[in-house]
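The lines below spell out each chain.
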Amino acid sequence: MRANTNLLWLLAGFFALVTVAYIVWGLVDPHQHSIEWAGTFALALSSVFVSFVAFYLSRVHGAQGGELPEDRLDANVDDGDPEVGFFSPWSWWPILLAASAALLFLGLAIGFWISIIAVGIGVICLIGWVYEYYRGNFAR
């Protein structure tokens, strides 16, 4: 995380430098001779927002009190590989749930009645996915 924080501080400095260059370029341009405010504010706020993220990450890193695996040179890949959770390897429910979500948005674009059908299919798919291991061959 320390490397990420340093890169973000570098990025914030880059945006600040580009903001200054953008202002100077607008003033030197023979056709303009003024500051272009939309781009100036966009670049300046990009610098400010990246600084917010860098400050937050530096505070979090300081509060952790230890080094993360990605900060150590002798760390293995497995050191930073946490247990994410259990996923059903042969489950069709996530695919059907994604299809019902696609149908829902299609219904919002084409006709509202399709969205009502998609919500019904989505509720069935969500219940099927949640209770997948409580019935059938995979029941516990």
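Just so it is clear, the model here is predicted, and its values are computed rather than measured.

What about the packing of aromatic side chains?
Piece 1. Counted according to the given criterion, the structure contains four aromatic pairs.
Piece 2. Between Phe14 and Phe15, the aromatic rings sit 6.0 Å apart at their centres with planes inclined by 55 degrees, giving tilted as the arrangement.
Piece 3. On the basis of relative accessible area, Phe14 is assigned to the partly exposed category, the value being 47%.

Things to note about the side chain of Glu132
Piece 1. Relative to the elements of secondary structure, Glu132 occurs in the segment after helix 4 (112-130).
Piece 2. Among the polar contacts made by the side chain of Glu132, one reaches the side chain of Ser91 at a distance of 3.1 Å.

Looking at the pattern of salt bridges
Piece 1. Tallied over the entire structure, the rule returns one salt bridge.
Piece 2. The salt bridge partner of Asp74 is Arg72, with a shortest N-O separation of 3.2 Å.
Piece 3. Given the relative accessible area of 62%, Asp74 is considered exposed.

A word on unusual backbone geometry
Piece 1. One non-glycine residue, His33, adopts positive backbone phi at about 55 degrees.
Piece 2. Along the chain, His33 falls in the loop between helix 1 (2-28) and helix 2 (37-64).
Piece 3. According to the relative accessible area criterion, His33 is exposed, its value standing at 54%.

Re the packing of helix 3 (residues 93-109) against helix 4
Piece 1. Between helix 3 and helix 4, the shortest axis-to-axis distance is 8 Å and the interhelical angle comes to 165 degrees. Classed by the angle they form, the pair helix 3 and helix 4 counts as roughly antiparallel. Relative to helix 4, helix 3 is oriented so that their crossing is left-handed. Between helix 3, through Trp93, Pro94, Leu96, Leu97, Ser100, Leu103, Leu104, Gly107 and Leu108, and helix 4, the contact on the second element is made entirely by Phe112, Ile114, Ser115, Ala118, Val119, Ile121, Gly122, Ile124, Cys125, Leu126, Gly128 and Trp129.

Conventions used here
Residues numbered from 1 in each chain as written. Predicted model: local features only at pLDDT ≥ 70, side-chain atom pairs only at ≥ 80, totals over all residues. Heavy atoms only, no water. Phe/Tyr/Trp six-rings, centres within 6.5 Å; stacked < 30°, edge-to-face > 60°. Buried < 20%, exposed > 50% of the residue type's maximum accessible area, 1.4 Å probe, protein only. Helix = DSSP H or I, 4+ residues; strand = E, 2+ residues; numbered from the N terminus. Polar contact = N/O pair within 3.5 Å; in protein donor to acceptor, adjacent residues only side chain to side chain. Salt bridge = Lys/Arg side-chain N within 4 Å of Asp/Glu carboxyl O. Axes fitted to C-alpha atoms, helices over the stretch in contact; angles between N-to-C directions. Parallel < 35°, antiparallel > 145°, perpendicular 65-115°, else oblique. Left-handed = near helix turned anticlockwise from the far one by under 90°. Contact = heavy atoms within 4.5 Å.

Read these as geometric descriptors, not functional statements.
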